Amino acid sequence: STSPMKRLFPFFALILLLGTAAKPTDKDAAAFRRPANEYRPMPIWHLNGTLTRDTIVKQINRAKREAGFGGIAVLPVSGTRPEYLTDAYFERYDDMIETMHRNGMELIIYDDIDFPSGTAGGRLQAQYPRDTRKLLEKDEYVITGPATFTQILPDSTEKLLMATTAMNINTYEMIDLRDHIRDGKVTWEVPPGAWRVMFFCCRYNVRPQVDYMDTTAVRKFIRMNYDEYGKRYGKYMGNTVKRVFYDDIGFNGMEKTWTPAITEIFEKSYGKNAALYYPALFYDIGPETEAARVAFHTIRSELMAEGYPRLVADWCADHNVSSIGHPPGNYTKNTTELHGDILKFYRHSQIPLADYIFYYGYGRDGHKQISSAADLYDRPMVGAEVNGAFKADMDSLMLYRVAMDMFSRGINFLIPHGMWYDNRPEKVYIPPVISSYNPALAATLPQYSDFVARSCYMLQGGRRVSKIALLYPITSLQGHHKFDIAVYRPWGEYVPAEADFQAVGSLLTNRLHRDFTFIHPESLVDGRITGNDGNLVLHNRVNHQEYDLLIIPGGKVLSAETLKKIKAYYDGGGKILATTALPTKSAEFGRDAEINNLIAEIFGPKKQQDDGQLRTNARGGMALFVSDPDAGTLANALDRLGIAPDVNIVDTTFRRSGNGVFNYIHKQRDGKDIYFFSNSTDDNLTTPVELEGCLTLEAWNPYTGKVAAVPAETVSRDGKDYTRFDLTLPAVKSTFIVGRKQQSK
């Protein structure tokens, strides 16, 4: 029979969202009811016209009073008048910043005109053409020896020679031809066989943006652009101006973006002649192919992270503001081709930013990459530029669907895309218009802004509870990545067949409802993450995390140093789940055998690795390989490994229509457990939920600001106490459940 209390659960759960009021229990409830402007959405404002003071004041006032926005990110675009960076332009900028200051709003400085950032309105290219973006080019000649090969060197006024290499097509023998260069040409007596003779050059001035990987060039850009704002608006920095926005810092899809320093760094770091390894960027060169690619792409990723993002972050810190921005394709499977390494890219940025563009659901499985970077570097805020170029189905519900999905993935600050100075349809070249000028959205914007502000208030700061670490397979992606592939794929989709990490993450998040964090393999080596009595610990001051499980997703290439740390974690009682394909190649030169030996010590001999055999050791360590990860096999693996959830969604059979999802996020802050549950589907759902620990629960309604008590009971499962309640969420709705720990009975 069912107890009276259990029969009432669905009723109580439903009224959580209907707004039954309870007396606020602390100052948080009051701040939640009336959140400050800093938590409100701050849309991009495209200045696509001739600026006048009257129109500026009018649109800013409407943004605050009619839409409830807390600030505006000011984006000058082509066609902005007065001309960008002129005195007349800054006179109108004065109007913007002074109007926002009077309104108690925030002005986010966009750091250039148009996008990508890095042109200083075209001035950088005009003054310093060799400091702009560069490309790696390969000129190639196929020669059959014996023969004499003679070729004039490439024009040094247009490009810098990186290497001249001959490669035997059949044996992969490499010859550095630098000693065969005389008087501006190469003359070489070709041995018998088929050979490729390749000239690798770095071509100057192929894009108007600054060379993001060259710190000298970036400093010139900062002087030309950032310092113009710094010298004019110092008194507003840290109050009206708190953030500076950079956009699309990286490479175009499959672009061979390069910088001359890479050759020297390669040779100093690895003690090898770069000319003998440059061909690996285009061809298979034998057993060292993957290690060579990892080496070059790691250098490129490091230079990117330590270039533009770091220097901008340093400038912002010096001016009491925060950098916020994103690279292109931050959500893609293989960020190697678009900016290098997503978890490294944000190493210095004060506010990592995701980019949710094109249509609902696009890139959703990759947004955890950005919030995981924030977790790794202990950043309390994670932003998202949302709804850009959403051309269809952009109704009021879409605003909420996108916001809820982002909040559940760790985002806690929104920059909608956006407002337009000239709102005429023919002038809005990147829809939609998210402002009170759009009749389809105008009525909902004040309530939407309140919802966003309350949600961001609850989700900023504190620590996120995550019990699963998912190793980011960057070395496998780099080892696979080569230039000039025969068939072009969409951005970031050129990946090895076994690259399942986003699919595994999606299953964890959307089907099994187990939150996780992407961790960088280098973090296991540099001490940021260490093994401790069977747990992996992320050592942060605030956002520290303890993982019960490490997942090694499918990939062939892994650092031997990382795998040694993983083996030590397993030997100490750690639990490991590997999926799809186990590593066989080392990211370092000459250590493939070590990789295979370590894998065998963890997962057993090769013949035992495909049968789902659970490996154990005397310390309680467990290792399991699943070759076909889906919802069923992953759920079974988690059970076999004994990985208990901190949030147990009892019923996962509800429908997922409208391309929506049911998700949650669990944070701890100020002595409270904060749970955000979101349903972006088109269906109502009801499920019992069990929260680890003995908790007194309240529902905090982000739509109304009201607080309601939640009836619950304590249940025991596998020796642990859980607080059980029934959760009902109508379609496209969300709620916060706030728990305070009580003594166990």
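Cut-off values and rules
Residues numbered from 1 in each chain as written. Predicted model: local features only at pLDDT ≥ 70, side-chain atom pairs only at ≥ 80, totals over all residues. Heavy atoms only, no water. Helix = DSSP H or I, 4+ residues; strand = E, 2+ residues; numbered from the N terminus. Rg over C-alpha atoms; globule rule 2.2 N^0.38 Å. Buried < 20%, exposed > 50% of the residue type's maximum accessible area, 1.4 Å probe, protein only. Contact = heavy atoms within 4.5 Å. Areas by Shrake-Rupley, 256 points an atom, 1.4 Å probe, with all protein chains shown as cover. Lys, Arg positive; Asp, Glu negative; His and termini not counted. Charge placed at Lys NZ, Arg CZ, Asp CG, Glu CD. Pairing = 2+ DSSP bridges. Axes fitted to C-alpha atoms, helices over the stretch in contact; angles between N-to-C directions. pLDDT = per-residue confidence, 0-100. Phe/Tyr/Trp six-rings, centres within 6.5 Å; stacked < 30°, edge-to-face > 60°. Lys NZ or Arg CZ within 6 Å of the ring centre and 35° of its normal. Left-handed = near helix turned anticlockwise from the far one by under 90°. Nonpolar A, V, L, I, M, F, W, Y, C, P; charged D, E, K, R; others polar. Core = buried A, V, L, I, M, F, W, Y, C linked by side-chain atoms within 4.5 Å. Parallel < 35°, antiparallel > 145°, perpendicular 65-115°, else oblique.

1. Comments concerning the overall build of the chain
Assigned secondary structure in the chain consists of 19 helices and 35 strands. Relative to a compact globule of 745 residues, whose C-alpha radius of gyration would be 27 Å, the chain shows 28 Å and is just as compact. Oriented by its inertia axes, the alpha-carbon framework of the chain measures out at about 90 × 75 × 40 Å. By residue count, 61% of the 745 residues in the chain fall in the buried class. Residue pairs at least 24 apart in sequence account for 80% of intrachain contacts in the chain once pairs closer than 6 positions are excluded. Just so you have it, the chain exposes about 27,100 Å², and 49% of that area is on carbon and sulfur atoms. The chain carries 87 positive and 89 negative side-chain charges, and their two centres are separated by 4 Å.

2. Some details on the sheet that holds strand β3 (residues 106-110)
An order of β1-β2-β3-β9-β11-β12-β13-β14 is seen for the eight strands of this closed barrel, with the pairing classed as parallel. Adjacent strand axes in the sheet meet at a mean angle of 30 degrees when their direction is disregarded. As judged from the three bridges shared by strand β1 (residues 44-47) and strand β14 (residues 413-420), these two strands associate in the parallel manner. Residue pairing across strands places Ile44 opposite His417, the latter belonging to β14. The strands that helix α13 (residues 396-408) touches are β12 (351-357), β13 (383-388) and β14; relative to β13, the one it contacts most, it runs at about 150 degrees.

3. Focus on the confidence of the model for the chain
Mean pLDDT for the chain: 93, with 95% of residues reaching 70 or above. Per-residue pLDDT stays below 50 along residues 1-24; that stretch engages in 40 contacts with residues further than four places along the chain or on separate chains.

4. Structural notes on the packing of aromatic side chains
Per the stated rule, a full pass over the model turns up 57 aromatic pairs. Relative to Tyr457, the ring of Tyr39 lies with its centre 5.3 Å away and its plane at 90 degrees, an arrangement referred to as edge-to-face. In this pair, Tyr39 is assigned in the loop between α2 (27-33) and β1 and Tyr457 in helix α14 (residues 445-459), connecting sequence segments 418 residues apart. By relative accessible area, which is 14% here, Tyr39 ends up buried. A ring pair is formed by Trp45 and Tyr421, whose centres lie 6.2 Å apart and whose planes are at 40 degrees; its orientation type is tilted. Note that Trp45 is positioned in strand β1 and Tyr421 in the loop between β14 and α14, a separation of 376 residues in sequence. Feature note: the residues Phe200, Trp258, Phe266, Tyr270, Tyr277, Tyr278, Phe282, Phe296, Phe483 and Phe589 constitute an aromatic cluster, connected by ring pairs. The positively charged end of Arg130 is found above the aromatic ring belonging to Tyr204, 3.9 Å away from the centroid. Of note, Arg364 hangs over the ring of Tyr360, and the distance from its end group to the ring centre comes to 5.1 Å.

5. So, the sheet that holds strand β29 (residues 672-679)
Taken in spatial order, the six strands make up an open sheet running β15-β28-β29-β35-β31-β32, and their pairing is antiparallel. The sheet is open, and its two borders are formed by β15 (463-464) and β32 (707-710), each paired with just one other strand. Relative to strand β28 (residues 662-669), β15 is paired through two bridges, and the arrangement is antiparallel. Bridging from a neighbouring strand, Arg463 pairs with Gln668 of β28.

6. Here's the deal with the environment of Leu161
Position of Leu161 among the secondary structure elements: in strand β5 (residues 159-168). Here Leu161 falls in the partly exposed class, since its relative accessible area comes to 31%. Between the C-alpha atoms of Leu161 and Pro260, which are 99 residues apart in sequence, the distance is 8.9 Å. Ignoring anything within four residues of it in the chain, the contact list for Leu161 reads Leu153, Ile181, Phe199, Phe200 and Cys201.

7. A short note on the pairing of β29
Among the eight residues of β29, eight are classified as buried, and the element is accordingly described as predominantly covered. Neither face of β29 is exposed, since Lys672, Ile674, Phe676 and Ser678 on one face and Asp673, Tyr675, Phe677 and Asn679 on the opposite face are all buried. With eight bridges joining them, β28 and β29 adopt antiparallel strand pairing. In the strand pairing of β29, Ile665 is matched with Phe676. Connecting β28 to the next strand, β29, in antiparallel fashion are two residues, including Asp670 with a positive phi near 55 degrees.

8. Topic: the packing of helix α8 (residues 261-270) against helix α9 (residues 289-306)
Close contact between α8 and α9 brings their axes to 10 Å; oriented N to C, the two are set at 115 degrees. Here the hand of the crossing between α8 and α9 comes out right-handed. Where α8 approaches α9, its residues Ile262, Ile265, Phe266 and Tyr270 are matched on the opposing element by Ala295, Phe296, Thr298, Ile299, Arg300 and Leu303. Taken together, the residues of the contact of α8 with α9 break down into eight nonpolar, one polar and one charged.

9. Here we look at the side chain of Lys467
Following the sequence through the fold, Lys467 ends up in the loop between β15 and β16 (468-471). Judged by its relative accessible area of 14%, Lys467 falls in the buried class. With residues near it in sequence (within four places) discarded, Lys467 still touches Asp515, Glu546, Tyr547, Asp548, Leu549, Ala644, Asp646, Glu692 and Lys720.

10. Description of the nonpolar core
Counting residues in each nonpolar core, the largest one holds 180 residues, and the members touching the most others are Trp45, Tyr93, Met96, Trp258, Tyr278, Tyr308 and Ile566. With nine residues, α14 is the single largest residue contributor to this core. In contact with Tyr308, not counting residues within four places along its chain, are Asp111, Ser117, Gly118, Val210, Tyr212, Val218, Phe221, Tyr226, Tyr246 and Ile249. Core analysis: the next-biggest nonpolar cluster, separate from the first, contains 18 residues, Phe654, Leu685, Leu729 and Ile737 among them.

11. Things to note about helix α12 (residues 367-376)
Of all the ten residues making up α12, ten are buried; the element is thus mostly covered by neighbouring parts of the structure. Within α12, burial applies to His367, Lys368, Gln369, Ile370, Ser371, Ser372, Ala373, Ala374, Asp375 and Leu376. Asp378 sits one or two residues past α12 and shows a positive phi near 60 degrees.

12. As for the pairing of strand β9 (residues 243-247)
Most of β9 is tucked away: five of the five residues are buried. Covered by surrounding structure in β9 are Arg243, Phe245 and Asp247 together with Val244 and Tyr246, the residues of both alternating faces. Both β3 and β9 contribute to a ladder of two bridges, which runs parallel. Bridge assignment links Tyr110 to a residue of β9, and that residue is Phe245.

13. Side note on helix α16 (residues 501-511)
The buried fraction of α16 amounts to nine of the eleven residues, a majority that puts the element mostly inside the structure. Along α16, the residues classified as buried are Phe501, Gln502, Val504, Gly505, Ser506, Leu507, Leu508, Thr509 and Asn510. The positive-phi residue at the C-terminal boundary of α16 is His513, with phi of around 55 degrees.

14. Details of the packing of helix α3 (residues 53-65) against helix α4 (residues 87-103)
The N-to-C vectors of α3 and α4 enclose an angle of 30 degrees; their axes lie 9 Å apart at closest approach. Classified by the angle their axes make, α3 and α4 are roughly parallel. Here α3 and α4 pass one another in a crossing that is right-handed. Two secondary-structure elements touch here, α3 through Arg53, Ile56, Val57, Ile60, Asn61, Lys64 and Arg65 and α4 through Arg92, Asp95, Met96, Thr99, Met100, Arg102 and Asn103. Partitioning the contact of α3 with α4 into residue classes produces five nonpolar, three polar and six charged.

15. A look at the environment of Thr164
For Thr164, the location among the structural elements is in strand β5. As a C-alpha pair, Thr164 and Ala712 span 548 residues in sequence and 72 Å in three-dimensional space. The contact partners of Thr164, leaving out residues within four places of it in the chain, are Ile175, Asp176, Leu177, Arg178, Ile181, Val186, Met198 and Phe199.

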